[in-house]
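Fold and contact review
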Amino acid sequence: MSATEEEPISFLRPTTVPRILRVAASPKTVEFDLSRSALIVVDMQNDFLHPEGWFPAKGIDAGPLLGAVPVVERLTTLLRGLRVPIIWLNWGIRPDCANIPYGVMERGTSYGSKPPGYGDTSANGRGRILVNGDWGSQTIDDLTVGDDDLTIYKHRLSGFWDSELDSVLRKKGITTLLFAGVNIDRCVFSTLQDASFLGYDCIMVEDACATSSPDFVVQAVKYLMHMLYGVCTTYVNLLNGTGGENKRQVKQH
């Protein structure tokens, strides 16, 4: 470049070296690029899982949901060590609920039969229910949120609806999403479906997901995963695929 030539405007973007991981899954073994993958952890937050949270206060047994907590902790540790971005996707609504439709508001109180609901003061005095920045929107203390992890807030079952999630993922060059969290048949599956519609490849880490719904609902979700939306795997399969505690170098192309 000559001394008088101006610096160009650069439309170049960072490139990554593929890091291909192959893991056992259903309905078939899957391989994907760790360099273009992210883990989405859905709704592992106080208002759903803490004994003093909104769900337990409404009489919903959080016990089945808590079973996923240790697996999620191991999964995030494993993938963080593999330099896979971790995104915590939590409910975090406006205090005035201005963008929550009336129907959603009504379902939040079981159509008035079980108040309080979205944005109301919680019965335990820990702030407002699911409001962004209040206690109920925060990830539970039993899970480690890393310094480089991202937290994105949503106000629908799907984390892609009217949120920044898609923009964040596309800037990072992500094409494959792994899913964990609660409830597997509600916010996890809704977000996964929208991810599939948007062109992402989807992997459900089934033992890192949980629900308070009956088992036949979980089986229906897995059936639809196999038929339409991607694959299901487990934490152990991912661990085995990496050679156990990251001791084997991930296959590079």
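In short, a report on the structure. Once a new chain begins, its residue numbering starts again from 1 and follows that chain's sequence as written. Totals for whole chains, interfaces and linings use all residues, but because this is a predicted model, local features are given only for residues with pLDDT of at least 70 and pairs of side-chain atoms are given and counted only at 80 or more. Hydrogens and water are ignored here; the side-chain numbers use all heavy atoms of the structure.

Concerning the overall build of the protein chain
Per the secondary structure count, the protein chain includes nine helices and eight strands. Note that the radius of gyration is over C-alpha atoms, with the globule rule given as 2.2 Å times the number of residues to the power 0.38. The C-alpha radius of gyration computed for the protein chain amounts to 20 Å, which stays within 12% of the reference 18 Å derived for 253 residues, consistent with globular compactness. Expressed as lengths along the three principal axes of its C-alpha atoms, the size of the protein chain is roughly 70 × 50 × 30 Å. Each residue's exposure class comes from its accessible area (1.4 Å probe, protein chains only) as a fraction of the maximum for that residue type: buried when under 20%, exposed when over 50%, partly exposed otherwise. Taking all 253 residues of the protein chain together, the buried fraction comes to 48%. In the protein chain, of all internal contacts separated by at least 6 residues, the share reaching a separation of at least 24 is 72%. Taken as two groups, the 24 positive and 29 negative side-chain charges of the protein chain have centres that lie 5 Å from each other. Helix and strand definitions here come from DSSP, where helices need a minimum of 4 consecutive H or I residues and strands a minimum of 2 consecutive E residues; each element is numbered from the N-terminal end. Between two residues, a contact is recorded if the distance between any of their heavy atoms is within 4.5 Å. The charged-residue count follows a simple rule in which Lys and Arg add positive charge and Asp and Glu add negative charge, with His and chain termini not counted at all. Taken as the charge centre is NZ of Lys, CZ of Arg, CG of Asp or CD of Glu, depending on the residue.

Concerning the packing of aromatic side chains
For Phe, Tyr and Trp, where Trp contributes only its six-membered ring, two rings pair if their centres lie within 6.5 Å, and the inter-plane angle classes them as stacked under 30 degrees, edge-to-face over 60, or tilted in between. Under the definition given, this model contains seven aromatic pairs. These aromatic residues form a ring-pair network of at least three members: F48, W54, F55, W91 and Y118. In our convention, an over-ring charge means Lys NZ or Arg CZ found within 6 Å of a ring centre and within 35 degrees of that ring's normal. The ring of W54 has K58 sitting right over it, with the charged end atom 4.4 Å from the ring centre.

So, the sheet that holds strand β7 (residues 201–210)
The sheet built from six strands is open, its strands ordered β5-β4-β3-β6-β7-β8 with parallel pairing. Where the open sheet ends on each side, the last strands, each with one partner, are β5 (150–154) and β8 (231–233). If you compare each strand with its neighbour and ignore which way they point, the axes differ by 25° on average. Contacts from helix α4 (residues 69–81) reach β3 (37–42), β4 (86–91), β6 (176–182) and β7, with the element oriented near 140° to β4. The criterion for strand pairing is that DSSP finds at least two bridges linking the strands in question. Whenever a helix is involved, its axis is fitted only over the stretch in contact; in every case the axis is a line through C-alpha atoms, and angles between N-to-C directions fall within 0 to 180 degrees.

Comments concerning the side chain of S190
Locating S190 in the fold gives a position in helix α7 (residues 187–197). By relative accessible area, which is 18% here, S190 ends up buried. Not counting chain neighbours up to four residues away, the residues in contact with S190 comprise L157 and S158.

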